Structure formats: structure tokens, C-alpha cells
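Topology and contacts: notes
Chain by chain, the residues:
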Amino acid sequence: MRVLVVGSGGREHAICQQFSKSFKIKKIYCAPGNGGTSQIAENISISVNDFDKLTDFVRGNKIDFTFVGPEVPLSLGIVDYFEAEGLKIVGPSKDAARLESSKIYSKEFMQKYDIPTAQYKSFTNIDNALAFLENLEENKKIVIKADGLAAGKGVYICNGKEDAKNVVEQMMSDKVLGNAGASIIIEEYIGGPELSYLVFTDGISYSMMPASQDHKRINDDDKGPNTGGMGAYTPVPLATDELNKKVASDIVCKVIYGIKAEKLDYKGVLYVGIIMNGSSPYVLEFNCRFGDPETQAILPLLDTDLTDICGAILDKKLTNLKINWKKEFSICVVLASGGYPGSFKKGFEIKGLENIKDKDTIVFHAGTKLENGKFVTFGGRVLSITSTASDIRSAIDKVYSNVKLVHFENMHYRKDIGKSCLHNIIKRTLNGKQD
Ligand code: GLY
């Protein structure tokens, strides 16, 4: 089979890597790809949003199916476009992708299908939004969300009403997020641990992946500005069998029911962002694709051929496939350019990659480029290094000993990925509970 992966990040490198392990795959293309994907796939210089060129390429190269990584082409209708041309593609339709591309739509969907989520109000008019905030308690924490896609920059946790009013003005009047912030949500603040539940679905049935946890802030101890994600690990000890069952019955089942009831065409991955409200899982957000960097932690544990999963999804026969996961612990640390998520310089040589020889460690490229035979930095998040091991402590030690082998100028990474998980395990053990 021949497959095209659309996208250029660490997530897409991890997807290509899974396809490269499949005996059923003869050739992988990645559009546009990155330095890392160029080692296992053929990079094609076509933008993820140029559907004309992508479909021409797929037809011309007899590609069996396409897998879409990022949200923007999904929100613009890449799946509808390909299917109208009779081409197979894994991803939700434009309408279904609104679960991610419109926070207002997604909240209305949750309300309609009785899916637990924070209380909210939506606004399309700035005066109404400001008047609503005026009636709030002075120092109450409150969340403001842009309705549209904002590349991870659309959610603000505000400390009181003055802060919230400023954010509303920036979004709705100054248009700092462009059209994405023209409509907003004002949402009740819930402060609990967050978990990512990713699910394969064909729109009829679903199969849950092991729960993972992202680390969104740039610095250790969750300090500094939000990023696209600085590391992730899976499985999460907090995600007990009991919690997984609750997420399945109270959330995922209802989403699938809603997808069917709304006649949405959903084939691919659904990402359910959870926040714990006490012992109850609440939905923070839906994404209609694999998460980044969660995917770089999760996929190395996949013990079923991703090609078979895609086939089952495309045939709408996912219910017949048993998907297996290695019973290991996986942790991914992102190496970023100094200055990210603000401005940063590119073009620094990445040194030491050849020193990573551990069989349980994989380097996924994100912002890299191959220049005169050498990898150079080409983005904010440059590499994700993932290690797997039978226990969390060994996986953390392994990943950080490999991170130390790599270097580029101004390299920045978090030193505490997975640490909170370790602390929780120690606490639980001291309290007499075994994980
Ligand atoms: N890790 C967050 C996301 O993929 O949206």
C-alpha cells in the first residue's frame, strides 16, 4: 500500500514511523513533512491546505489512503474534498471537525448530549460580554475562550473581572487572534488535573488509547506561557480502570451517540481533553485529530498495525478489530528553540543525534530541516525524544539521559516531564495504595 501523511510536526513523524513498521506499507509520502520524516518517507512540498495539489498528487501516485495530522486542513474540509474525488482519507468531515474548530458548537453539542463540562455563556457582541463580566465577583477566576482555531493561544485563565475584560477587549476589539476571537465563550473555572483521552473511531464504535498527560507551559512546575506542548507521558496513574470506564460511559459513548444522531461523518481520532472536577471528569475541549506531543508518547506503545486500524476505520468496521497496547510506560520530552513560544532564531545545527543508540528511545523531528546533509533547527518545537520502559522511573531516567546527548544553540526543554506522576505514585504508595 501507499500512504500519504499530511502535516509536518512531531505528531506526523510518529504517524509515519508507525506506518514504516507495517509490512503492508510499500511507500510513505509526507506533505510537507520535516527533516525526520524525510528519513522514512518521501517529503512532498505541498501545503497542507492546498487540496487541489494534494488530490492531484494522490491520484498521480496511486496512493491507497491519506492520513491527516493537523486541525486546520480538517476544519477547511480536506476530507469532504478528497471524498468528493473518490479518494480514501482518514479524518472527520468539515462539519464533524467543528467539534474542534468552533468552541461554541462544541459546547452546544456537549449540552445537547448531556456531556459533563463547565458552565458557560457564548458571546458574539463585545458589549454583552463586558456587561456579563461586570456582574461577576471582583476576584473570581474565569476562563475566556476564542470560538475559532487559535493554534493553542485561544484559552485564557483570568484572575478576576478586570483581567477578563482586558482579554475580551484584546480578542473582540483588538482582534489579536484575528477572526478566531470574533466570538467567545466565558466559562466557569475548574482547577484540577488535566488528562488527554484519545480515541480511534469510525463514527459508529470507538477504541480508547491509554490516557496521557501533556505539559503545556514552557517552564518547569507549569510556569511561563502556554506552548503547543513541552512533553507528555502515558499511561497516567490517575487514569484508573474506574476513571477510564467513567470517561467511556459518561463522555465518549455520548459523543459517539451525538455524532450518529447529528449524522456527522467522523473517521479518525477524537481527542477528549479532560479536567478533573473533584472525582468527576469534565470535558475541557475536543480536538478532532491526534494530539501533539501526546502522539509521540502514545504511538510507540501501539502493538497493532496502524494500517489495519486505518482500514477498519475506513470500512467502518472498527468494532471488529482488537487494538493492543504494550504494557509499558512511555515519556516524551520536547526540545525547543530558545525564545519559543515567542520569537526565536532558526538554522542552528543539531548535534549529537547519532549518539542516541538506545533501542527503546526514538527521536521524532518537528521543526527541523535537512541542509547539506545536516539537521538544522527550523521551528519552535524542534525535536521530541521518547523513551519507553517497564516502569515510570526507568522511563524518565532513560529519556533524560538521551536528551543530554543532543544539543543545538539556545536549546530549551523541561526537566520535570512525568515528575508529578512519580510524586503521585509515591504519595499513593505511602498511603497504602498500589499502582
Ligand atoms: N496537546 C494538545 C493538542 O494537541 O492540542
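Details of the structure are given in the entry above.
The paragraphs below set out a description of the structure included in this document. Keep in mind that what you see is a predicted model, and the values were worked out from it rather than measured.

1. Here we look at the pattern of salt bridges
Opposite charge on two side chains allows them to pair when their charged atoms are near. Applying the stated criterion across every chain yields a total of 28 salt bridges. Across the salt bridge formed by R289 and E100, the nearest N and O atoms sit 3.0 Å from each other. A residue pair is termed long-range when its members are at least 10 positions apart, and R289 in the loop between strand 17 (280-287) and helix 10 (294-298) and E100 in helix 5 (residues 98-101) qualify at 189 residues. Assessed through its relative accessible area of 3%, E100 is described here as buried. In this structure, R414 engages D222 in a salt bridge whose closest nitrogen and oxygen atoms are separated by 3.1 Å.

2. Comments concerning the sheet that holds strand 6 (residues 120-123)
With antiparallel pairing, the four strands of this open sheet are ordered in space as 6-9-7-8. Across the chains shown, the open sheet's two edge strands, defined by having one partner strand only, are strand 6 and strand 8 (155-159). Taken over all neighbouring pairs, the strand axes of this sheet differ in orientation by 20° on average, direction set aside. One ladder, built from four bridges, connects strand 6 with strand 9 (residues 184-188); its direction is antiparallel. By the bridge assignment for strand 9, K121 is matched with I186.

3. Comments concerning the nonpolar core
Side chains of a nonpolar character, in soluble globular proteins, are inclined to be buried together. I78, F109, Y197, I274, F286 and L335 are the most contacted members of the largest nonpolar core, which totals 77 residues. Residues within four places of F109 in sequence aside, it is in contact with L99, I115, V255, G258, I259, E262, L264 and F286. Of all hydrophobic cores here, the second largest spans 33 residues; its members include C16, C30, M209 and L302.

4. Details of unusual backbone geometry
Between A31 and the following residue, P32, the backbone shows a cis peptide bond with an omega angle of -5°. Inspection of the secondary structure puts P32 in strand 2 (residues 27-32). With an omega of 10°, the peptide bond running from Y340 to P341 counts as cis.

5. Comments concerning the sheet that holds strand 1 (residues 2-7)
What the five strands build is an open sheet, ordered 3-2-1-4-5; its pairing is parallel. One side of each edge strand has no neighbouring strand; the edge strands of this open sheet are strand 3 (42-43) and strand 5 (89-90). Two strands pair when backbone bridges link them, and strand 2 and strand 3 are joined in this way by two bridges, in the parallel orientation. Bridging across to strand 3, C30 finds its partner in N43.

6. Details of the environment of P116
The residue P116 is located in the loop between helix 6 (103-112) and strand 6 in this model. Through-space distance from the C-alpha of P116 to that of G347 is 45 Å; in sequence the pair is 231 residues apart.

7. Observations concerning the site of the ligand
For the ligand, the full set of nearby residues is D214, Y271, N287, R289, G291, D292 and E294. Between a nitrogen atom of the ligand and a side-chain N or O atom of D214, the distance comes to 2.8 Å. Here an oxygen atom of the ligand and a side-chain polar atom of N287 are 3.2 Å apart. When isolated, the ligand has an accessible area of 200 Å², and the protein chains bury 87% of it. Here the residues of the shell around the ligand are counted per class, giving one nonpolar, two polar and four charged.

Cut-offs used in this document
Residues numbered from 1 in each chain as written. Predicted model: local features only at pLDDT ≥ 70, side-chain atom pairs only at ≥ 80, totals over all residues. Heavy atoms only, no water. Salt bridge = Lys/Arg side-chain N within 4 Å of Asp/Glu carboxyl O. Helix = DSSP H or I, 4+ residues; strand = E, 2+ residues; numbered from the N terminus. Buried < 20%, exposed > 50% of the residue type's maximum accessible area, 1.4 Å probe, protein only. Pairing = 2+ DSSP bridges. Axes fitted to C-alpha atoms, helices over the stretch in contact; angles between N-to-C directions. Core = buried A, V, L, I, M, F, W, Y, C linked by side-chain atoms within 4.5 Å. Contact = heavy atoms within 4.5 Å. Near = heavy atom within 4 Å. Polar contact = N/O pair within 3.5 Å; in protein donor to acceptor, adjacent residues only side chain to side chain. Areas by Shrake-Rupley, 256 points an atom, 1.4 Å probe, with all protein chains shown as cover. Nonpolar A, V, L, I, M, F, W, Y, C, P; charged D, E, K, R; others polar.

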